[in-house]
There are 2 protein chains.
Amino acid sequence: MGTYTRKTPLKIDCPMEKTLHVISGKWKLALLCELNRGTCRLKDLEKYNSEASKRALTKQLSELVEDGIIQKKDYEVYPKKVEYSLTARGKELITVLEVLDEFGKQL
Amino acid sequence: MGTYTRKTPLKIDCPMEKTLHVISGKWKLALLCELNRGTCRLKDLEKYNSEASKRALTKQLSELVEDGIIQKKDYEVYPKKVEYSLTARGKELITVLEVLDEFGKQL
DNA sequence: CAGGATCCAGTGCGATACTG
DNA sequence: CAGTATCGCACTGGATCCTG
């Protein structure tokens, strides 16, 4: 982790390792929490995470898209307008994050 | 990241980020699963994770100890004998990992 | 046997500049 | 405005050696 991916995978392809991989990334939790409040454009996410580089945000957003956690809606206009939002699977992931949150409170 | 720690922390000190940090590390999930089956000595954990370096294992074990997830029992004999086992908090963490595991199955 | 010290490689991310 | 390319650093973990 960074998160983080095991180079030599476990013998049993491990589901919890997959989940961990999906949410590992410096800004992913923050991005997911913000998208859980509602659809966002990149510039909004940049504003909320003013310390993050654009490079990191776009990279992590594209990973989340690949993993089916969030989706893009490209309006194909100029200047560009693209909106990000949680998928159904992404909303399920939020409930998982709430479990992490509960546990984290006692740490 | 790898897991992994955010250098510039979130404004709100985020519990789920803490939990994620505690379980982020190349061998931590595997270690926790093995310790969940029962008390282990370092040499056993090395055997189960034959591809892991001793350095990585001891470092991650010590982090888990620091975070109150596992505990050491040092028999203070020679040659050394030290046993690792889950704490009460560690056992609670296992239930969290089961949630990650469930979610991971649909990925 | 437990585990620390040193050196090295891979990589995630920040800063910045650029394009359509 | 969204997204990419380049450069450079810092951090994690691997390999190896050494100690009590």
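Residues numbered from 1 in each chain as written. Chains lettered and ligands numbered in written order. Predicted model: local features only at pLDDT ≥ 70, side-chain atom pairs only at ≥ 80, totals over all residues. Heavy atoms only, no water.

An unreviewed UniProt entry lists chain A under the name HTH hxlR-type domain-containing protein, with Aquimarina atlantica given as the organism.

Draft legend 1. Broad picture of the UniProt feature "domain: HTH hxlR-type" (unreviewed entry) in chain A. Per the UniProt entry, the sites bearing "domain: HTH hxlR-type" (unreviewed entry) are residues 14-107 of chain A in this numbering. Measuring from the first to the last C-alpha atom of residues 14-107 of chain A gives 26 Å, for a span that is 60% helix and 13% strand. (UniProt positions renumbered as here; feature names shortened; annotations may be inferred. Helix = DSSP H or I, 4+ residues; strand = E, 2+ residues; numbered from the N terminus.)

Draft legend 2. Region of the structure containing the packing of helix H2 (residues 28-37) of chain B against helix H5 (residues 88-104) of chain B. Residue and element names in this part refer to chain B. With their axes 11 Å apart at the nearest point, H2 and H5 run at an angle of 120 degrees to one another. One finds that H2 runs oblique with respect to H5. The two elements H2 and H5 meet at a crossing, and its hand is left-handed. Between H2 and H5, the contacting residues are Leu 29, Leu 32 and Asn 36 on the first element and Leu 93, Ile 94 and Leu 97 on the second. (Axes fitted to C-alpha atoms, helices over the stretch in contact; angles between N-to-C directions. Parallel < 35°, antiparallel > 145°, perpendicular 65-115°, else oblique. Left-handed = near helix turned anticlockwise from the far one by under 90°. Contact = heavy atoms within 4.5 Å.)

Draft legend 3. How the structure looks around the sheet that holds strand E2 (residues 70-74) of chain A. All names here are of chain A. If you walk across this open sheet you meet the three strands as E1-E3-E2, and the pairing is antiparallel. Each edge of the open sheet is held by one strand with a lone partner, namely strand E1 (40-41) and E2. Pairing of E2 with strand E3 (residues 82-86) involves five bridges; the strand directions are antiparallel. Bridge pairing in E3 places Ile 70 opposite Leu 86. (Pairing = 2+ DSSP bridges.)

Draft legend 4. View of the pattern of salt bridges. Going through the model one piece at a time under the given rule, you end up with eight salt bridges over all chains. Taking the shortest distance from any N to any O, the salt bridge between Lys 105 of chain A and Glu 102 of chain A comes out at 2.9 Å. Relative accessible area serves as the criterion here: at 48%, Glu 102 of chain A is assigned to the partly exposed category. For Glu 63 of chain B, the salt bridge is made with Lys 59 of chain B, and the minimal N-O distance between the two is 3.2 Å. With Glu 63 of chain B and Lys 59 of chain B both in helix H4 (residues 54-66), this residue pair falls four residues apart, about one helical turn. (Salt bridge = Lys/Arg side-chain N within 4 Å of Asp/Glu carboxyl O. Buried < 20%, exposed > 50% of the residue type's maximum accessible area, 1.4 Å probe, protein only.)

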